[in-house]
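Spelled out from the first residue to the last, the chains are:
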Amino acid sequence: MPRLVTVALPETRCFAATVPEGLEVAVGTPCVVERGGAPELCRVRLVLDDADACPGPPPATPPARVLRCATDDDLARDAVNHQLGEQAMEQFDREAMNAPQGVHAVAARFSLDRSRLLVVYHADQRFDARRIAASLKRRFQAETEARQVGIRDEAGVLGGIGSCGRATCCATWLQRFRPVNVRMAKAQGLSLNPSTINGSCGR
């Protein structure tokens, strides 16, 4: 049975990845992961036993593959990619400035080889960002996807500190959102004040 870890990208909740035989990884290890045919720089969130204990059904899609632990060159390239991602966000916001839906970029990320660009954005209503995605593709010469997210997913991308004093679950280990009812809050001894049980996203 292949070893499994869960890894996370800054703009994505954690997902499963297989680890090749002989490669040692630990929580926090930066590693290069092949996902969807492109290399991504990720960090390990959970390892083997913890990953097995992660709640919820197994993922519907096959796990990604950890290719190697990140090298200094990988980390340096990722730092440059981060700067390019900020430029992509600035351009996205400029081109969506007059949209009535209140559109704004939440995050932008290049794959490690810069062949792909993902822009995550929030809008109050449905917004078609294909024109902006085409403009970004021309500028950065990368296959570009613009993905609209809701307020809960935006909170998961941005992260933050929950009422427990720890990093929010949706930004660390949680793989999918589940409804939380009043009975669950009572079982944890939480106040039923909406500001307590609604989370930082208000949902």
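Note that this is a predicted model, so its numbers are computed, not measured.

Undergrad: Help me out: how do you make sense of the nonpolar core in this one?
TA: One finds F92, V103, L117, F127 and L136 to be the most contacted residues of the largest nonpolar core, which totals 18 residues. Within the residue set of this core, elements represented by two or more residues are helix 2 (72-95), strand 6 (104-110), strand 7 (116-122) and helix 3 (130-140). Ranked by size, the runner-up nonpolar core spans 13 residues in total, among them V5, A17, V19 and C42.

Undergrad: Hey, could you run me through unusual backbone geometry in this one?
TA: With the exception of glycine, most residues fall at negative phi, and the peptide bonds are largely trans. Phi is positive for R114, close to 65 degrees, though the residue is something other than glycine. Locating R114 in the fold gives a position in the loop between strand 6 and strand 7. Exposure remark for R114: the relative accessible area of 25% places this residue in the partly exposed category. Positioned with a positive phi, Q141 is a non-glycine residue whose angle comes to about 55 degrees. With respect to the helices, strands and loops of the structure, Q141 is situated in the loop between helix 3 and strand 8 (143-149). Relative accessible area serves as the criterion here: at 65%, Q141 is assigned to the exposed category.

Undergrad: Explain the packing of helix 2 against helix 3 here, please?
TA: Between two packed helices, what matters for the description is the angle formed by their axes and the separation of those axes. At their nearest, the axes of helix 2 and helix 3 sit 10 Å apart, and the two run at 140 degrees to each other. When the interaxial angle is binned, helix 2 and helix 3 end up oblique. Two packed elements cross with a definite hand, and for helix 2 against helix 3 that hand is right-handed. The residues of helix 3 that touch helix 2, namely those facing L84, Q87, A88, Q91, F92, R94 and E95, are R131, I132, S135, L136, R139 and F140.

Undergrad: I would appreciate a short explanation of the sheet that holds strand 8 in the present structure.
TA: Backbone-to-backbone hydrogen bonds join strands into a sheet, with any given pair of strands oriented parallel or antiparallel. Spatial ordering of the open sheet is given by 6-7-8, a layout of 3 strands whose pairing is mixed. Each having just a single partner strand, strand 6 and strand 8 make up the two edges of the open sheet. Within the sheet, the average angular offset between the axes of one strand and its neighbour, ignoring direction, is 20 degrees. As paired strands, strand 7 and strand 8 are joined by 7 bridges and run parallel to one another. Note on strand 8: the bridge partner recorded for L117 is T144. The strands touched by helix 2 are strand 6, strand 7 and strand 8; relative to strand 6, the strand with the most contacts, the crossing angle is about 150 degrees. In the packing of helix 3 onto the sheet, the strands contacted are strand 6, strand 7 and strand 8, and the crossing angle to strand 8 comes to about 145 degrees.

Undergrad: What exactly am I supposed to notice about the side chain of S135 here?
TA: Structurally, S135 is set in helix 3. Its relative accessible area of 13% is what places S135 among the buried residues. Non-local contacts of S135, meaning those with residues more than four positions away in its chain, are made with Q91 and E95.

Undergrad: What's the story with the side chain of S111 in this structure? I'm lost.
TA: Here S111 lies in the loop between strand 6 and strand 7. A polar contact of 2.7 Å, which involves the side chain of S111, links it to the side chain of D113. A polar atom in the side chain of S111 sits 3.3 Å from the backbone nitrogen of S115.

Undergrad: Can you walk me through the pairing of strand 7 in this structure?
TA: The side chains of a regular strand alternate, first on one face of the sheet and then on the other. Where burial is concerned, most of strand 7 is hidden: 6 out of the 7 residues are buried. Looking at chain direction, strand 6 and strand 7 are connected through 6 bridges and run antiparallel. Following the sheet pairing, R109 is matched in strand 7 by L118. The antiparallel pairing of strand 6 with strand 7 creates a hairpin that spans 5 residues between the two strands, and R114 there sits at a positive phi of about 65 degrees.

Undergrad: Just to check I follow, could you spell out the packing of aromatic side chains for this structure?
TA: The way to describe two aromatic rings as a pair is by their centre distance and the angle between their planes. Taken as a whole, this structure holds 3 aromatic pairs when the rule is applied. Aromatic side chains F110 and F140 sit 5.4 Å apart centroid to centroid with 70 degrees between the ring planes, which places their arrangement in the edge-to-face category. Taken together, the residues span a long stretch of sequence, with F110 in strand 6 and F140 in helix 3 at a distance of 30 residues. In this structure, F110 and F140 share a single accessibility class: buried. Plain terms: the ring middles of Y121 and F127 are 6.0 Å apart, the flat faces sit at 85 degrees to each other, and that makes the pair edge-to-face. According to the relative accessible area criterion, F127 is buried, its value standing at 10%. One aromatic cluster is present, formed by F92, Y121 and F127 through successive ring pairs.

So, how was this worked out
Residues numbered from 1 in each chain as written. Predicted model: local features only at pLDDT ≥ 70, side-chain atom pairs only at ≥ 80, totals over all residues. Heavy atoms only, no water. Core = buried A, V, L, I, M, F, W, Y, C linked by side-chain atoms within 4.5 Å. Buried < 20%, exposed > 50% of the residue type's maximum accessible area, 1.4 Å probe, protein only. Helix = DSSP H or I, 4+ residues; strand = E, 2+ residues; numbered from the N terminus. Axes fitted to C-alpha atoms, helices over the stretch in contact; angles between N-to-C directions. Parallel < 35°, antiparallel > 145°, perpendicular 65-115°, else oblique. Left-handed = near helix turned anticlockwise from the far one by under 90°. Contact = heavy atoms within 4.5 Å. Pairing = 2+ DSSP bridges. Polar contact = N/O pair within 3.5 Å; in protein donor to acceptor, adjacent residues only side chain to side chain. Phe/Tyr/Trp six-rings, centres within 6.5 Å; stacked < 30°, edge-to-face > 60°.

Just distances and angles here, no functional claims.
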